[in-house]
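Below, each chain spelled out in residue letters.
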Amino acid sequence: MPSSLCEALTNSSINFDYQKEDDWITSGKLGSREAVLVFRTNILNPKIRKTLSEKSSAQALSETKDNKDEEESVLCQNANKTEQKGSTSSEPSSKEALNGGSTQQKIYLLKKPQQKCDNRPDKSTFTSPFKKILNRYSSSDTSISSEGEEPARSSESKSRVLKTSQNTINIKLAEDITKESGYESMTPAKSISNTEVSEEDPEVTSEDDDESGVNMPAFKLKITYKFHQTETKLLRKLFNVHGLTEIQGESNNFNLLWTGVHMKLDIVRNLAPYQRVNHFPRSYELTRKDRLYKNIERMQHLRGMKHFDIVPQSFVLPIESRDLVVAHNKHRGPWIVKPAASSRGRGIFIVNSPDQIPQDEQAVVSKYIVDPLCIDGHKCDLRVYVLVTSFDPLIIYLYEEGIVRLATVKYDRHADNLWNPCMHLCNYSINKYHSDYIRSSDAQDEDVGHKWTLSALLRHLKLQSCDTRQLMLNIEDLIIKAVLACAQSIISACRMFVPNGNNCFELYGFDILIDNALKPWLLEVNLSPSMGVDSPLDTKVKSCLMADLLTCVGIPAYSPEMRSHYDQKWSRFRSSSCQRQATFPSVSQKAKKSKKKGGGAAINLNLTGEEQRILRNARLQYSRRGGFVRIFPTDDSMQRYGNFLDSSNGIPISTPTVQSQTFQTPIMQHNYNQMLHQNLYCKDGGRHKQDDNSEADRIWQYERALETDSEIPFVKKPTVEKCEVEGRRLRKVMLKKISNGSELTPFQARQTFSLYLESVLRRLTEDPKDIHEKIILKFLNKFGGSVKPPVMFRNMQNIKVASKARSAMVAKLLGDFLENYKRDTEAYVDSFDHFGMIPSSAYNQFLTHAQESDLEAVLTLHTNVTGIMPFLYNRCGLSVPPTPPIPSGLYGFLRALPSMVTSSGMARELSKYDGYFKSYDKEKVFL
């Protein structure tokens, strides 16, 4: 089944038209209760949207002209019949109603860039001024990723040609379609060239996305989405081109809420049946490292170690410090230390002995796997995407494609290399700063560089005679058991807080390490896996993943009137418990309902109304799964995992006293897992055929290359070319203004400081021989906050290592600091020019062309003249240190940067850990 529910555009006879609402609605007709939106990835390609929009516009003009001529002829024929004139005048409107409002679609299809629809909010009013200016001036913001680390690419590499999984479709196909349709003469200036790319092609602006979205049913149905503390660029582009409208502020009038953090229970409790959120309550039981291990450890004690040997031996510090020492004395070797609640490789380091771990930090210490699977000598791990649409019954999907992340430095067991994160950690957020990191420049190159696809790895291992079938079955088993270990608490929270069984879904990012014996080990589970894309390969995988996820989950295609009706109706049934009630309608009522729906043979009359709803949703969900593979339930799931489930209610048992101490005692028990398995995989020859997710089908789907109907162009807004001459001229103007008494606003100062540190970050990444690592590390040590180096890396003077890896580690820390710094800067706004401050328009022009030396000169003079540091402290701060003297000359401001921060306790404690770098010399090799 092609990914993202896309039909391959392989010949000109396929009419892919925005006007066909059936292409964007599935599981039911528009206006029905089962109708949900369809998301496709191919319209993310601006050339496809441009061609289709031109074709639809020309067709709309032609049909409008024909309708006008037809109306004139009808009016002439009935000129003498006044009563028929009235019916003739009302004929177009009735015809439009029968066609679903086709005339309104024609109006939408006529492009009018000068106008905006009144129903769609202007996003410029909601965009932070800091984001606007940073996106315009930052030379490092060259990808869709919010991290902005990819170097700028040439326009030739940005402009992509439409491709299918079998062959490359030349852009000339778009011209052929236009010629065959007879509209070539109507749009001569809009023809697409394969060699020449217009200025609009490399970048798809938000206005372009909005303009294409007004053709979609979601726009006419006024379906909305809301973001909260999450990466939004890829998701926002996907939503906008499909017609969804973003809402801001505290409003809860959304159809889809996408958040990167855990939700407030009040929001979950008050969800309407048509609303969707991307998290379950208490998901931290699965995503926090300490909670994940403790849940799996309970299952190991309850069900046996052999059944749940899926994680390395781990201990939670400081509570289990003594147990860690005992385990280390039995089996010596390295241990990996991870903060209990962190992500993106922050704060992770490896030690040879528990003595090297600080006792005052909460962390999870796991046995380090010393024999990992290596590709060409580089350690690798997997990021697979797991979708859970329901916990009771449990429904788990695994996406057919994943990401394989390779370490930049070749793996070496020697203890001298334990400090090197670019050798032992495969996180992209760490390795991307290494100067030797290689990015794939083509989406079809799935085994090039330091990031592969899962299917490419499986094909690579298969060529080496490895049992990839058993490997994937073991990965499925690992995922299912990890979810089973944590499901009990999540089910309890869902029954207490979630009003409707379809309100919540969740996409988890499972990080899995494979050892030399091809045994998978679960490292961690990510609550909100990164949707940032910095390469064509990332774009292809994640855009298809998100399109398939949104289609599979199913965002109801309800009109505003239907939503209002549900709001009024549902408000009468909301309560604090929100527990699903089991109803038992009579057989006659069931037969009547099934007959009315025309599906009497498809519904088991022995099922309750709630069970029928669960079964129907599971089947509809599976029919629109796209690239997702359902791994639970399967035909043998109850045989393999039935012993881990309670026989009365089907809930996973993770505590021995679950029957007498849980919420389930006063509630009638229903085993939805058993019911769903029996009805999906029955052998009685029912009308519904057995689902086709057999073991052989699943393995085949994992090993095939991801099928995409069109390559999503890897593009970004063209950065403004900086002119050094103009930058020097504007610098003189700014310096003169500052000397005459003008000051920078806090927003301008933070802008300047942010762009200055970005320039330093580029030097650290591109030039591994840079001499400023110690200065940056000293500044970050003293600044403290949420971004702090691991203990083993806080004293740079004891680290005598290769400069490339050292620079990459410092660059990683600086990148994390910049991410938080930019987020804090969004709170500063200059809505007007303040008296005595530099005018915003003039200063923005300076930032457009400013080089690192220009930014440094302005920051230096401003600090020396005013005696304040608005880029680090507020004017009214109570603990602001005195302004240090800034040395003159190049990099003088950078050398004085550590002195601008007050000394914290972190810096004074460095002497306690100096012994780490001396102690490991006793054990040079661990085998």
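Rules used throughout
Residues numbered from 1 in each chain as written. Predicted model: local features only at pLDDT ≥ 70, side-chain atom pairs only at ≥ 80, totals over all residues. Heavy atoms only, no water. Helix = DSSP H or I, 4+ residues; strand = E, 2+ residues; numbered from the N terminus. Contact = heavy atoms within 4.5 Å. Buried < 20%, exposed > 50% of the residue type's maximum accessible area, 1.4 Å probe, protein only. Pairing = 2+ DSSP bridges. Axes fitted to C-alpha atoms, helices over the stretch in contact; angles between N-to-C directions. Parallel < 35°, antiparallel > 145°, perpendicular 65-115°, else oblique. Left-handed = near helix turned anticlockwise from the far one by under 90°. Nonpolar A, V, L, I, M, F, W, Y, C, P; charged D, E, K, R; others polar. Polar contact = N/O pair within 3.5 Å; in protein donor to acceptor, adjacent residues only side chain to side chain. Phe/Tyr/Trp six-rings, centres within 6.5 Å; stacked < 30°, edge-to-face > 60°. Lys NZ or Arg CZ within 6 Å of the ring centre and 35° of its normal. Salt bridge = Lys/Arg side-chain N within 4 Å of Asp/Glu carboxyl O. Core = buried A, V, L, I, M, F, W, Y, C linked by side-chain atoms within 4.5 Å.

Draft legend 1. Quick peek at the environment of threonine 539. Within the secondary structure layout, threonine 539 lies in helix H18 (residues 536-553). For threonine 539, the residues in contact, after removing those within four places along its chain, are Val533, Ile712 and Phe714.

Draft legend 2. Broad picture of the pairing of strand E18 (residues 628-632). Burial runs high along E18: five of the five residues are buried. Pairing geometry for strand E13 (residues 394-399) and E18, over four bridges, is antiparallel. The residue of E18 that forms the bridge with tyrosine 399 is phenylalanine 628.

Draft legend 3. Expanded view of the packing of helix H28 (residues 773-783) against helix H29 (residues 803-825). Where H28 meets H29, the closest approach of the two axes is 10 Å, and the angle between their N-to-C directions is 40 degrees. Considering their axes alone, H28 and H29 lie oblique with respect to each other. Every pair of crossing elements has a handedness; the one defined by H28 and H29 is left-handed. Seen from H28, the contacting residues are Glu773, Ile776, Leu777, Phe779, Leu780 and Phe783; seen from H29, they are Arg806, Ser807, Val810, Leu813, Leu814 and Phe817. Across the contact of H28 with H29, the residue classes break down as nine nonpolar, one polar and two charged.

Draft legend 4. Structural context of the side chain of histidine 450. Following the sequence through the fold, histidine 450 ends up in the loop between helix H15 (428-431) and strand E15 (451-453). According to the relative accessible area criterion, histidine 450 is buried, its value standing at 9%. Here isoleucine 438 takes part through its backbone nitrogen, which lies 3.0 Å from a polar atom of the side chain of histidine 450. Those residues in contact with histidine 450, other than ones at most four positions away along the chain, are His378, Val404, Arg405, Leu406, Ala407, Thr408, Asp436, Tyr437 and Ile438.

Draft legend 5. Helix H25 (residues 695-703), seen in detail. Buried within H25 are the following residues: Arg698, Ile699, Gln701, Tyr702 and Glu703. For H25, the elements touching its buried residues are E13, helix H16 (454-463), helix H17 (468-497) and E18.

Draft legend 6. Summary view of the packing of aromatic side chains. On inspection of all chains with the given rule, the structure shows 24 aromatic pairs. Seen in terms of ring centroids, phenylalanine 280 and phenylalanine 391 are 4.8 Å apart; in terms of plane orientation they differ by 90 degrees. Their pairing is edge-to-face. Note that phenylalanine 280 is positioned in the loop between strand E6 (276-277) and helix H11 (284-287) and phenylalanine 391 in strand E12 (residues 378-391), a separation of 111 residues in sequence. We classify phenylalanine 280 as buried; its relative accessible area is 5%. On the numbers, 5.6 Å between centres and 85 degrees between planes, the contact of tyrosine 756 with phenylalanine 893 is edge-to-face. Taken as a pair, tyrosine 756 in helix H27 (residues 746-766) and phenylalanine 893 in helix H32 (residues 892-896) lie far apart in primary sequence, 137 residues in all. This pair shows no difference in class: tyrosine 756 is buried, exactly as phenylalanine 893 is. Among the aromatic residues, those joined into a ring-pair cluster are Phe753, Tyr756, Phe779, Phe783, Phe817, Tyr821, Phe871 and Phe893. One cation-aromatic arrangement involves lysine 451 over tyrosine 428; the distance from NZ or CZ to the ring centre is 3.9 Å.

Draft legend 7. Summary view of the pattern of salt bridges. Inspection of the entire model under this criterion finds 31 salt bridges. Residue glutamate 819 is joined to arginine 823 by a salt bridge in which the shortest nitrogen-to-oxygen separation is 3.5 Å. Taken as a pair, glutamate 819 and arginine 823 lie in helix H29 at a separation of four residues, close to a single helical turn. In this structure, a network of salt bridges that share partners links the residues Asp381, Arg383, Arg405 and Asp511.

Draft legend 8. Looking closely at unusual backbone geometry. The amide bond that connects leucine 317 to the next residue, proline 318, takes the cis arrangement and shows omega of 5 degrees. Positionally, proline 318 belongs in the loop between strand E7 (314-317) and helix H13 (321-330). Cis geometry is adopted by the peptide bond preceding proline 633, which originates at phenylalanine 632 and carries an omega value of 0 degrees. Its location among the elements puts proline 633 in the loop between E18 and helix H22 (637-641). Located in the positive-phi region is arginine 282, a residue other than glycine, with phi close to 65 degrees. Of note, arginine 282 is situated in the loop between E6 and H11. Its identity is not glycine, yet leucine 518 carries a phi of approximately 60 degrees, on the positive side. Its location among the elements puts leucine 518 in the loop between strand E16 (506-514) and strand E17 (520-526).

Draft legend 9. Representation of the sheet that holds strand E5 (residues 256-259) in the model. Ordered in space as E4-E3-E5-E6, the four strands form an open sheet in which the pairing is parallel. Both outer strands of the open sheet, strand E4 (245-246) and E6, are each paired with one neighbouring strand and no more. The pairing of strand E3 (residues 224-228) with E4 spans two bridges and is parallel. For tyrosine 225, the partnering residue across the bridge sits in E4 and is glutamate 246.

Draft legend 10. Summary view of the side chain of threonine 765. Structurally, threonine 765 is set in helix H27. Looking at threonine 765, its side chain comes within polar contact range of the main-chain oxygen of leucine 761, at 3.0 Å.

Draft legend 11. Representation of the sheet that holds strand E10 (residues 363-367). The antiparallel open sheet is built from four strands, whose spatial order is E7-E10-E8-E9. With partners counted over all chains shown, the strands left at the sheet margins are E7 and strand E9 (349-351), one partner each. Each strand of the sheet is rotated relative to its neighbour by a mean of 25 degrees, with strand direction disregarded. With four bridges joining them, E7 and E10 adopt antiparallel strand pairing.

Draft legend 12. Geometry of the pairing of E17. In terms of burial, E17 is a largely internal element, six of the seven residues being buried. Of the pairings in the sheet, the one linking E16 to E17 comprises six bridges and is antiparallel in character. Looking at E17, one finds that glycine 509 is bridged to asparagine 526. In sequence, E16 turns back onto E17 through a hairpin of five residues, with leucine 518 there showing a positive phi of about 60 degrees.

Draft legend 13. Inspection of the nonpolar core at higher detail. Leu382, Phe391, Ile396, Ile479, Tyr508, Phe510 and Leu522 are the most contacted members of the largest nonpolar core, which has 71 residues in total. In contact with phenylalanine 510, not counting residues within four places along its chain, are Leu382, Arg383, Val384, Val386, Leu478, Ile479, Ala482, Val483, Leu522, Glu524 and Val525. Judged by nonpolar contacts, the second largest core, of 56 residues, contains Cys422, Ile838, Ala850 and Ile886.

Read these as spatial facts, not as claims about activity.
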